[in-house]
Amino acid sequence: MNSNRPAILMTLALLYLLSPYQTAGADQETQVQQQPTKPNILIIFTDDQGYGDLGCYGSKTNRTPRLDGLAKQGTLFTSFYSQTVCGPSRSALLTGRQPIRSGGWGMPADEVTFAELIRKTGYQTACVGKWDVSNRKAIVPRMPNAQGFDYYFGPLGANDVGVVKFHENNQPAGTSKEMGELITLYTDKSIDWLKEKRDPEKPFVLYLAHTMMHTIIDASERFKGNSQGGLYGDVVEEFDFETGRLLDCLDELGLTQDTLVIYTSDNGPWNQDKYTKRKKGHPDGSVFWGDSGPLRNGKGSCYEGGYRLPCIVRWPDKVPAGRRSDAIFATIDFLPTFASLAGFEAPTNRHIDGIDQTELLLGKRDSGRDFFYFHNAGVRQGDWKYLKPNAHFHGYAVEDDREKVDELYHLGDDLGEQNNLAKQHPEKVAELKELMQKLESKQGSKDPSAASKIR
């Protein structure tokens, strides 16, 4: 009997290893190992940058090797939408809600930002740069610290008169008339936060919202006069260099692999002759014309040049590298997407216009949004875009020869919106007009379940 004991023990061991309990335990361990970690999130948000300003989006003038390299390391989106002007763009990004709901420059204190929600899951949060949703005033309940950010440095508004007034958290922190220093200053503040103020035991969100290239632009002496695109080109190339410095900091700190990087802008470029002729207080040579590439018009317009922006997303080994996607994606989608990635719940007591785009980002799905709404103007669904006769344009973006009629464009065939097909397709006009009105309705604004009804 003793001679058989080794064989018996061997058999019992094999039975244990093959038991359903042991197999379940192994499966659970595998599932834990495969569960993705919560990413750090870095949003780099430029101001008034054109769709065609970067080499990877077709520029033959501006040299942007770092951003072109970022696009090769991640996914470049060609149908990404923000809003058409500054404050509304920021409230939409922060809340996942269209400005008709989130308030734009006048975003109320009771709006809920992704920073407030993600902080509850253990994230550390920081905002550097242009805030622009507290009516450009120091209204503490509507400033970054009260809206979910542990740390803030930057101006509460824009640089329209060539001056920025900084705050650090809720305290005034000086002023500057040196517009050419701002790109480097904000990058330095971001790097300092990552190195000196960040808790390395926590995942983080860093929202870097630059002042450039808003209205009174300037570049540092290192870059001024070095591009082929005038002063505006100098600024684009300095952006590229400073973004590279920030990405290098992630490498230095060993954070690259675990960080979701999003590079985009708030609206299209100021590129209208009407605005240029009326400009005041701009230094000599500060012609701030951005490039909309193949798109019509620019900032303040409901044509594609006002809303459609460059967007590059990188998360090594998670977001597919070297991919170009024409899926419809927007800043309003950030909040529900971050909810999925970081493990928080999007608000259910208000209408959220954004949708979870996690599967699109991770390459598990090719499609994006079904539609995108243009503020008080129209709607895109698939390749079709409708604009109503009295579509809203900011004054400098008004095209004086535009007829106030229904407009319908097929963006797949006519990206420049030159061929109005409304008369040929009245049924499509009616369909998109109905969708637009539903999005603007009180039901869409008040009913939390409306998002699923009109997606």
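On a predicted model such as this, the values are computed, not experimentally measured, just so you know.

Draft legend 1. The arrangement of the overall build of the protein chain in detail. Within the protein chain one finds 15 helices and 15 strands. Residues classed as buried in the protein chain amount to 57% of the 455 residues present. When contacts within the protein chain are restricted to residue pairs at least 6 apart in sequence, those whose partners lie at least 24 apart make up 69%. As displayed, the protein chain has an accessible area near 19300 Å², and 51% of this comes from carbon and sulfur atoms.

Draft legend 2. The arrangement of the sheet that holds strand 12 (residues 371–374) in detail. The antiparallel open sheet is built from four strands, whose spatial order is 12-13-14-15. The open sheet terminates on both sides in strands that have one partner only, identified here as strand 12 and strand 15 (407–410). For this sheet the average axis-to-axis angle between neighbouring strands, irrespective of direction, equals 15 degrees. Across four bridges, the pairing between strand 14 (residues 384–387) and strand 15 is antiparallel. In the strand pairing of strand 15, Tyr386 is matched with Leu408.

Draft legend 3. Representation of the pairing of strand 14 within the structure. Residues Trp384 and Tyr386 point to one face of strand 14 and Lys385 and Leu387 to the other, with burial holding for every one of them. Looking at chain direction, strand 13 (residues 378–381) and strand 14 are connected through four bridges and run antiparallel. Counterpart to Arg380 in the pairing with strand 14 is Lys385. Connecting strand 13 to the next strand, strand 14, in antiparallel fashion are two residues, including Gly382 with a positive phi near 60 degrees.

Draft legend 4. Expanded view of the pattern of salt bridges. If you walk through the whole model with that rule in mind, you get 30 salt bridges. Taking the shortest distance from any N to any O, the salt bridge between Glu242 and Arg222 comes out at 3.0 Å. Of this pair, Glu242 sits in helix 8 (residues 230–252) while Arg222 is found in the loop between strand 7 (204–209) and helix 8, placing the two residues 20 residues apart along the sequence. A salt bridge links Glu304 to Lys385, with the nearest nitrogen and oxygen atoms 2.8 Å apart. A residue pair is termed long-range when its members are at least 10 positions apart, and Glu304 in helix 10 (residues 304–307) and Lys385 in strand 14 qualify at 81 residues. Given the relative accessible area of 0%, Lys385 is considered buried. Ionic contacts of the salt-bridge type, sharing partners, join the residues Asp47, Arg90, Lys130, Asp132, Arg136, Asp160 and Asp266 into one network.

Draft legend 5. Main features of the pairing of strand 12. Of the two faces of strand 12, the one carrying Phe371 and Tyr373 and the one carrying Phe372 and Phe374 are both buried. Pairing geometry for strand 12 and strand 13, over four bridges, is antiparallel. Along strand 13, the bridge assignment pairs Phe371 with Gln381. Counted between consecutive antiparallel strands, the loop separating strand 12 from strand 13 contains three residues, among which Asn376 sits at a positive phi close to 50 degrees.

Draft legend 6. Expanded view of the confidence of the model for the protein chain. This prediction gives the protein chain a mean pLDDT of 89; 87% of its residues lie at or above 70. Note that residues 1–35 has pLDDT below 50 and, in this model, four contacts with residues that lie over four places away or in other chains. Note on residues 443–455: pLDDT under 50 across the span, and 26 contacts to partners over four residues away in sequence or across chains.

Draft legend 7. Region of the structure containing helix 8. With 23 residues, helix 8 extends 33 Å between its outermost C-alpha atoms, agreeing within 8% with the 33 Å of an ideal straight helix rising 1.5 Å per residue. Taking burial as the measure, the 23 residues of helix 8 include 17 buried ones, the bulk of the element. Just downstream of helix 8, Gly254 is the residue with a positive phi angle, here 70 degrees.

Rules used throughout
- Residues numbered from 1 in each chain as written.
- Predicted model: local features only at pLDDT ≥ 70, side-chain atom pairs only at ≥ 80, totals over all residues.
- Heavy atoms only, no water.
- Helix = DSSP H or I, 4+ residues; strand = E, 2+ residues; numbered from the N terminus.
- Buried < 20%, exposed > 50% of the residue type's maximum accessible area, 1.4 Å probe, protein only.
- Contact = heavy atoms within 4.5 Å.
- Areas by Shrake-Rupley, 256 points an atom, 1.4 Å probe, with all protein chains shown as cover.
- Pairing = 2+ DSSP bridges.
- Axes fitted to C-alpha atoms, helices over the stretch in contact; angles between N-to-C directions.
- Salt bridge = Lys/Arg side-chain N within 4 Å of Asp/Glu carboxyl O.
- pLDDT = per-residue confidence, 0-100.
- Expected span 1.5 Å × (residues − 1).

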